[in-house]
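For reference, the chains in residue letters:
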Amino acid sequence: MEVTGHMPPHDAPRTRSASIWDVARVAGVSQQTVSRVINGKARVSEATRAKVLQVIAELGYRPNRLAQALAGGPVRSVTVLTSDTALYGAAATLRGMEEAARTAGFSVGISVLEQNSGQADIALRLNRPGEAVMVIAFDDAGVRALRALPADVPVTAAVERRPDDGPDAPWQVWLDDRAAAAHATRYLLGLGHQTVHYVAIPSSTSAMPQRTQGWQDALRAAGRPLPEPLPGGWSPRSGYLAVRSLLADRSVTAILCGNDDLALGVMRAAREAGRDIPGDLSVVGFDDSPPSAYLNPSLTTVRLDFEGLGRACFGLLHRRLDPQNAAAVPAWSEPELIVRESSGPAPA
C-alpha cells in the first residue's frame, strides 16, 4: 500500500509541556520544593527559590492551577466580573487588577456582564473549584452581580461609593469622588464663576452619585445658586445632547462633567453654539482619560488612580486567600485636579 506524505523519523524529538518533575530535575531539587515555590510557601531559601523560578522561566513551565485548588493548595485563579471593558475607568481598573494578579502568579479570567444578568447567570460563570472573584461595581450591573455572589465565594470589589456599612468594609475599595468633585467645583468658583452647572453620569445605586453630591456640597457651602444636574450617560453623544439648549444661555460660564467623554460632547456643542473655551465657557472633566491632554483645547480634569485601585483590590483578595504570604495591600493615589486649557477666569 502506497502512503503519501512524510512520516517523521523515529528519533524525531517529541514536543510536550514541561512538568513539575522536569523543573525539579533541572533545578536539582525535589518536586515538593518546586511545589512550595509555586505556592509561595515560606520554607524555601531565597537562593533555592530564585533557582527554581529561573528554571520555570527557562522551561516555560505553567502550573496547573485547577489541580492545585483540588489538592487543597491556595487558590491561584481569579475571575473579574465587569459590565463594560470599553469605559476608561473600568478598563484601567481591570488593567491594575490583572497586572497585580499575574505578578503574584494568579491566572485571570474576565467575564463581561450583561446589563440584565441575574443570579443564575452569575452562578454559571463561577463553575471552577476554588475560584475567587473581583467585581468592578461602578454601575448597576456590577452592583447586582456583587449582591448575587454566593456567601462562600472569596470576593473583593472596586465600588463607586463608600459602602453603607462605613469605612470598615474590608473587602471593598473606592475613590473619594465626592471630595474630588467638590474640589473641582471650588476651583471653578475661585476663577470667578457665579455658579457651576453639572452633567451627571448614571449612578450605580438608587442613591445620588458621589460626584453629584460633591458638586452640590461645594455650591451649598459657597452659598451659590444650585442648578439642576443635567442627566447624561457615559458617552460624548450624551454630553452633547445634554447641554445643547443650556448653552444658549450666556450666563452659563462653567460646566463640570461626570467624565471626560461627557466633556468631549459638551465641548463639541459649545463650538456649535459659538461659545469660546475657555474665553466665555470653562469645561472640566473627570477621570483624566489619555485623550484629554490632546484635545483642542486640552481638558482640565480630575485624575483618578483607577489602576492603583485595581491593584489594591487584588491585594485585598490575596490577603484573604493567603494571609501568610501575600504582600501588604498597595495604596492608591488620591484624586488630583489637572489644570489645562479648557478652564479659565469667568468672562467680565
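Above this note sits the structure.
A brief report on the enclosed structure follows.

### Section: the pairing of strand β10 (residues 300-303)
- Sheet topology note: the strand β9 (residues 282-287)/β10 ladder contains four bridges and is parallel. In the strand pairing of β10, G285 is matched with T301.
- Both β10 and strand β11 (residues 336-338) contribute to a ladder of three bridges, which runs antiparallel. Residue pairing across strands places V302 opposite L337, the latter belonging to β11.

### Quick notes on the sheet that holds β10
- Read across the sheet, six strands follow the order β7-β6-β8-β9-β10-β11 without closing on themselves; strand pairing throughout is mixed. Of all the strands in the sheet, the pair left with one neighbour each is β7 (230-231) and β11.
- The sheet contacts of helix α11 (residues 260-272) involve β6 (197-200), β8 (254-257), β9 and β10, and relative to β9 the element is tilted by about 155°.

### Points about helix α9 (residues 210-222)
- Counted at 1.5 Å a residue, the expected span for α9 with its 13 residues is 18 Å, and the 19 Å between its end C-alpha atoms agrees.
- Listed in full, the buried residues belonging to α9 are Q210, R211, T212, Q213, G214, W215, Q216, A218 and L219.
- For α9, the elements touching its buried residues are α8 (177-190), β6, β8, β9 and α12 (306-321).
- Just beyond α9, the residue with positive phi is G223, at close to 65°.

### Notes on the environment of R268
- Relative to the helices and strands, R268 is located in helix α11.
- In the structure, R268 is positioned 24 residues away from R244 in sequence and 9.5 Å away in space, judged by C-alpha atoms.

### Section: the nonpolar core
- Counting residues in each nonpolar core, the largest one holds 43 residues, and the members touching the most others are M134, V196 and L256.
- Examining the composition of this core, we find that eight residues originate from one element, α12, more than from any other.
- Ranked by size, the runner-up nonpolar core spans 21 residues in total, among them V252, C257, A269 and L281.

### Looking at helix α1 (residues 20-27)
- Within α1 the residues assigned to the buried category are I20, D22, V23, A24 and A27.
- One or two steps after α1, the chain reaches G28, where phi turns positive at roughly 75°.

### Looking at unusual backbone geometry
- Residue P278 is reached from I277 by a cis peptide bond, and omega for that bond is 10°.
- Within the secondary structure, P278 sits in the loop between α11 and β9.
- N296 connects to P297 through a cis peptide bond whose omega is 0°.
- With respect to the helices and strands, P297 occurs in the loop between β9 and β10.

### Side note on the sheet that holds strand β4 (residues 155-159)
- Spatial strand order, β2-β1-β3-β4-β5: five strands in an open sheet with parallel pairing. Unpaired on one side and paired on the other, β2 (107-112) and β5 (172-173) mark the two borders of the sheet.
- Packed on one face of the sheet, helix α5 (residues 88-103) meets β1 (77-82), β2, β3 (132-137) and β4 and runs near 160° to β3.
- Of the strands in this sheet, β1, β3, β4 and β5 touch helix α7 (residues 140-148), which is tilted by about 150° from β3.

### Considerations on the environment of D152
- For D152, the location among the structural elements is in the loop between α7 and β4.
- Its relative accessible area of 68% is what places D152 among the exposed residues.
- As a C-alpha pair, D152 and A132 span 20 residues in sequence and 9.8 Å in three-dimensional space.

### Structural notes on the pattern of salt bridges
- The final tally for this structure, using the stated rule, is 13 salt bridges.
- Between R275 and D280 there is a salt bridge, with its nearest N and O atoms 3.3 Å apart. Of the two residues, R275 and D280, neither departs from the other in class, the shared state being buried.
- Ionic pairing is found between R311 and E307, a salt bridge with its closest N-O pair at 3.8 Å. Placement of both R311 and E307 in helix α12 is noted, with a separation of four residues, approximately one turn of the helix.
- For R311, a relative accessible area of 26% translates into the label partly exposed.
- Salt bridges linked by common partners bring R95, E99, E307 and R311 together as one network.

Reading the values: the criteria
Residues numbered from 1 in each chain as written. Predicted model: local features only at pLDDT ≥ 70, side-chain atom pairs only at ≥ 80, totals over all residues. Heavy atoms only, no water. Pairing = 2+ DSSP bridges. Helix = DSSP H or I, 4+ residues; strand = E, 2+ residues; numbered from the N terminus. Contact = heavy atoms within 4.5 Å. Axes fitted to C-alpha atoms, helices over the stretch in contact; angles between N-to-C directions. Expected span 1.5 Å × (residues − 1). Buried < 20%, exposed > 50% of the residue type's maximum accessible area, 1.4 Å probe, protein only. Core = buried A, V, L, I, M, F, W, Y, C linked by side-chain atoms within 4.5 Å. Salt bridge = Lys/Arg side-chain N within 4 Å of Asp/Glu carboxyl O.

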